[in-house]
Amino acid sequence: MTTSDNVHSEEIEKFGAKAERWWDPTGEFRTLHQVNPLRIRFIREYARIRGQKIVDVGCGGGILSEALAREGGEVRGIDLAPELLEVAELHALEQGVENVRYEGISAESLADREPESFDLVTCMEMLEHVPRPASVVAACARLVKPGGKVFFSTLNRNMKAYLLAIVGAEYVLDLIPKGTHQYDKFIRPSELAAWARAVDLEPLGIRGIEYNPLSRRFRLGKNLDVNYLIAFEKPL
């Protein structure tokens, strides 16, 4: 990790310290496992996965990366937390998933090295954890080929999101570890769309991820107040 990397070192340490629990579907990262099928479904709405060259930016322990590989993608997962990459590599090896590999590199550095090299770029639940999210958006735009698709998910910034994603999810329902999110890092859809327009990405669609506390299930919906997914295309 270099001083120029767009990263909060405390965020890397926070998630890296919990690496060994990343793949426990009933543990503190269970919501990542629960929403992952929704992410795949959203991506499928706008792109073919099988046979596509994909980079998963901020891959963590590889939950989305491995799922994309199982769908037939040729996947590169990148992250700056070595503990998480080690867990991701070990899990893929144990599961026999061969079409995924991992690398400790930032999106910006990879974009400098391999511009316009990927058919699909995914960046899920990562923008709200970096100092300069617009820089990551710009890097994703440089990574994708003309005609390719870029997918983001993040958290909206409003009082409802604060109450549900932090107070409710972290402290009342114990859905995610306490201290996972900082409200001032949440990103409004209009802000993300503006950053994308600035680097010539064209919007394709947006969906919310809604949680039902009674059924304890997540679903894709139209409500963007808390979590949302957004797809863009790089023009030919």
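Bear in mind that the values here come from a model prediction, so they are computed numbers and not experimental data.

**Here we look at helix H4 (residues 82-95)**
No. 1: Under the 1.5 Å per step criterion, the end-to-end length of H4 is 20 Å for 14 residues, consistent within 8% with the ideal 20 Å.
No. 2: Where H4 is concerned, the buried positions are Leu84, Leu85, Val87, Ala88, His91 and Ala92. For H4, the angular spread of the buried residues around the axis is 160 degrees, confining them to a single face. Exposed residues pointing more than 90 degrees away from the buried face of H4 are listed as Pro82, Glu86, Leu93 and Glu94.
No. 3: At the exit of H4 stands glycine 96, carrying a positive phi of roughly 70 degrees.

**Quick notes on the environment of phenylalanine 151**
No. 1: You can see phenylalanine 151 is positioned in strand S5 (residues 144-155).
No. 2: Distance in space between the C-alpha atoms of phenylalanine 151 and glycine 205 is 9.8 Å, their sequence separation being 54 residues.
No. 3: Phenylalanine 151 has contacts with Phe42, Ile43, Tyr46, Ala47, Leu120, Val121, Thr122, Cys123, Met124, Ile230 and Ala231, leaving out every residue within four places of it along the chain.

**Some words on the environment of valine 75**
No. 1: Relative to the assigned elements, valine 75 resides in strand S2 (residues 74-79).
No. 2: The buried category is assigned to valine 75, whose relative accessible area is 3%.
No. 3: As for valine 75 and asparagine 99, which are separated by 24 residues in sequence, their C-alpha atoms are 6.3 Å apart.
No. 4: Setting aside anything within four residues of it in sequence, one finds valine 75 in contact with Ile54, Ser65, Leu68, Ala69, Asn99, Val100 and Arg101.

The rules behind these values
- Residues numbered from 1 in each chain as written.
- Predicted model: local features only at pLDDT ≥ 70, side-chain atom pairs only at ≥ 80, totals over all residues.
- Heavy atoms only, no water.
- Helix = DSSP H or I, 4+ residues; strand = E, 2+ residues; numbered from the N terminus.
- Expected span 1.5 Å × (residues − 1).
- Buried < 20%, exposed > 50% of the residue type's maximum accessible area, 1.4 Å probe, protein only.
- Arc of directions from axis to C-beta.
- Contact = heavy atoms within 4.5 Å.

No statement about biological role is implied by the geometric values presented.
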